[in-house]
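Summary of structural features
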Amino acid sequence: MAAHAFIFPVISLCPEVHYLTEEKVYEILSICEGKKDYSPLIRVIGRIFSSADGLVQSFRKDKEQHPNTKEQHKTHQAKDEDKDEDDKERTTAMEQESEASASMEGATGSTENRLGPVEVSVDIEAVRRVYDRLLSNEKMESAFLNALVYLTPNVELDLTYLDVYDTNPDYLNIFIIVMENSSLHSPEYLEMAMPLFCKCMSKLPLPALAKLTRLWSQYSVEHIRRMMETFQQLITYTVTLHSLSVFFPFMLTVDQTELYRVHSYILFLKLVFYANVLGGDLDTGHNEEEEPASESSELTLQELLGEERSSKKGPRVDPLEKELGVRTLDCRRPLIPFEEFVNEPLNDVLEMDKDFTFFKVDSESKFSFQSCPFILNACTKSLGLYYDNRISMYSERRITALYSLVQGQQLNPYLRLKVRRDHIIDDALVRLEMIAMENPADLRKQLFVEFEGEQGVDEGGVSKEFFQLVLEEMFNPDIGMFTYDESTKLFWYNPSSLENEAQFTLIGIVLGLAIYNNCILDVHFPMVVYRKLMGKKGTYLDLTDSHPVLYQSLRELLDYEGDVEEDMMITFQISQTDLFGDPITYDLKENGDKIPVNADNRKEFVSLYGDYILNKSVERQFKAFRRGFQMVTNESPLKCLFRPEEVELLICGSRNLDFQALEETTEYDGGYSKDCRIIKDFWETVHSFGEEDKRLFLQFTTGTDRAPVGGLGKLKMIIAKNGPDTDRLPTSHTCFNALLLPEYDSKEKLKERLLKAITYAKGFGML
């Protein structure tokens, strides 16, 4: 590399300098400024910053300041004070927001929202001040760049063969000092120094990476964002080279294998990601108790065939996550939104079929982007989940076929449900309950639904309608399984429900099957349901969307500045109404009716109230619901890939309907094209529809009124010609997202026929 040609002269004007302090840098800088010759300082910077030993010893807290340099130190700090004031102004809003939520955190009962200070021997503030002073000089910047290129191979050798961190933990100072350089995102660093630096950083042992993460978590938002942007730019730079190689192979030779070299960059973006998590609002408690998977006493098909399920290996746990003792799920509000860690250029070029293979291999020699899900968007991750589900389906089909050969019994390789429309709950409940008891693995077979007395082969559309009908029935307020909030348009478990657990288990199975079979459902749960499904109990903070009126009342109680006991006159006994409207009381603590709420115990009251509403009062219903959900998804990588809000997106789809994107991706058949008069009239008509009619059209054509993960642009709709002008209505194949449209002779007739079709469509067999 050309940068290696930069050799630092052995002869220096400061041969006695073997390490740097802030005072020493300022002393040399003053001499250079007086002589207007910066070459002595450049040589010192080059020599120290290219030496591992020199950097380890530099800028140490234990190096004493000489009394005569303190005034000079203050002088050089003057310029930094203005910058610090700007930083303070930028962070004031965040600090005020954190203070406002302090009482909320206390109410949740969380005991670990912040980590203790991480002790390091390097004076980080001094390093930052030195960088700020020196990087304004172009020649200095070049010296730092060349020194880093010269430094990294030696550090890599030290970490690989000498285990230097184990013998000297201060070796981590090298990486702390280098990462404070605010110019690391510049093109020169991205092209030459940063790839080498990331490669040698990847040799750090896990405890060192964890310590670095904990240290960074105590940095300001601005510093964490700068590091995030540095690694994001490095990844994007590499991905861009990969993309150019596709179009200009004669210029570049970067292939998919080359793309996977960014894994060392992503490793350090992961450190920044977990620093972002640790620095945010943490709740490491309030975890749902995991129920052991039900196991049949009989031999399973896999055991008979000498195979084992992947679930027996246990869920994937990131080593860094385990070392830090924190999960993404534990963070309620990160310092930087999670979405900013997604790298869209990478998602655009990533070949998920290959990446999924590496993900399933579970080998140290194969890196998978799915092992770092924070960098992937929900659309890319859903594709990985789709591959996993399909392979599981094929595996069940193969195992069933082999079992049939061995045992001589004819088994069904699919999960077939035959139901009556007017008894859909009873039929589905009986069939699925039998499957769940006999062999839960059958739930992971490909689903085929048949409505009794109706013709049609299930290619996806019949299943969609089955899911929708089951949910419409079970969420009917008259049944009383769920309560409906008119203000939020959300459902919540009815604590007084008289339905047995099997019905709640059925809903859980239906949600799991929808994910497993790539169907979107029209369900309306608050976010706390998905957090609970992923393993976190509900707390007072989750009442914001599930019970907003109650949340506001409790919020006012926490903020009340008067005499709480005298003015509020409330106790640790609460009252609710049951299914029939009769009042029932519940003691949040023993003898709660005799314990008044006051300023000292109001946080405890709020915490217990939230726990009762979201957990204890619906424990029976939710456990049954979760049990059904996990019957289908227990072996899926769902938990390790998706956050709760992304699980909601998987199940419910997106509420944002971009019909312009749908028009751009729609294909045509039977003689139609995008330039046909009827097609132009069709899209003008659809675009003129209101929100409700657009949802009805989507329901009519695709079987659901939601957009898939990634938006309507990911939906492949087909419009096919269905004969000349006629009075017949348009029809659809929801299995294939196909609309069969006659060539109506006028735009008015097209609109009238289309509206009638989408308004009165119900059931399969319209054709």
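Residues numbered from 1 in each chain as written. Predicted model: local features only at pLDDT ≥ 70, side-chain atom pairs only at ≥ 80, totals over all residues. Heavy atoms only, no water.

Per UniProt, the chain has the following entry under Catalytic activity (unreviewed entry): "S-ubiquitinyl-[E2 ubiquitin-conjugating enzyme]-L-cysteine + [acceptor protein]-L-lysine = [E2 ubiquitin-conjugating enzyme]-L-cysteine + N(6)-ubiquitinyl-[acceptor protein]-L-lysine." (UniProt positions renumbered as here; feature names shortened; annotations may be inferred.)

**Some points on the overall build of the chain**
When you go through the chain residue by residue, the secondary structure sums to 34 helices and twelve strands. Accessible area for the chain stands at about 36,700 Å²; split by element, carbon and sulfur atoms hold 51% of it. (Helix = DSSP H or I, 4+ residues; strand = E, 2+ residues; numbered from the N terminus. Areas by Shrake-Rupley, 256 points an atom, 1.4 Å probe, with all protein chains shown as cover.)

**Things to note about a negative patch on the surface**
Taken together, Asp563, Glu565, Glu566 and Asp567 make up a surface patch of like negative charges. In this structure, Asp567 sits in helix α26 (residues 564–568). (Patch = residues over 30% accessible without salt bridge, like charges linked within 9 Å, V, L, I, M, F, W, Y side chains within 5 Å. Salt bridge = Lys/Arg side-chain N within 4 Å of Asp/Glu carboxyl O. Lys, Arg positive; Asp, Glu negative; His and termini not counted. Charge placed at Lys NZ, Arg CZ, Asp CG, Glu CD.)

**Side note on the confidence of the model for the chain**
Mean pLDDT over the chain: 82, with 82% of residues reaching 70 or higher. Taken as a whole, residues 1–13 scores under 50 in pLDDT and shows 23 contacts with residues more than four places along the chain or in a different chain. (pLDDT = per-residue confidence, 0-100. Contact = heavy atoms within 4.5 Å.)

**Quick notes on the side chain of Asn343**
One can find Asn343 in the loop between β2 (331–333) and α17 (344–349). Residue class for Asn343 comes out buried when judged on its relative accessible area of 2%. With residues near it in sequence (within four places) discarded, Asn343 still touches Gln232, Ile235, Thr236 and Ile375. (Buried < 20%, exposed > 50% of the residue type's maximum accessible area, 1.4 Å probe, protein only.)

**Brief notes about the pairing of strand β4 (residues 447–451)**
Burial analysis of β4 places four of its five residues in the buried class, the great majority of the element. Across five bridges, strand β3 (residues 415–419) lies against β4 in parallel orientation. For Val419, the partnering residue across the bridge sits in β4 and is Phe451. Between the parallel pair β3 and β4, the chain is carried across by helix α20 (residues 424–438), and the sense of this crossover is right-handed. (Pairing = 2+ DSSP bridges. Right-handed = clockwise from strand over helix to strand, strands pointing away.)

**Here's the deal with the nonpolar core**
With 101 residues, the main nonpolar core has Phe49, Phe175, Trp216 and Ile266 as its most contacted residues. Considering every element that reaches this core, the biggest residue donor is helix α14 (residues 263–278), with eleven residues. Not counting the four nearest positions on each side in its chain, Phe49 is found in contact with Leu20, Leu55, Phe59, Tyr131, Phe144, Ala147, Leu151 and Ile177. Of all hydrophobic cores here, the second largest spans 85 residues; its members include Leu469, Met474, Ile515 and Tyr609. (Core = buried A, V, L, I, M, F, W, Y, C linked by side-chain atoms within 4.5 Å.)

**Focus on the pattern of salt bridges**
Applying the stated criterion across every chain yields a total of 42 salt bridges. Among the salt bridges present, the one from Asp427 reaches Arg420, with a minimum N-O distance of 2.9 Å. You can call Arg420 partly exposed: its relative accessible area is 31%. Ionic contacts of the salt-bridge type, sharing partners, join the residues Glu339, Lys381, Arg643, Glu645 and Glu646 into one network.

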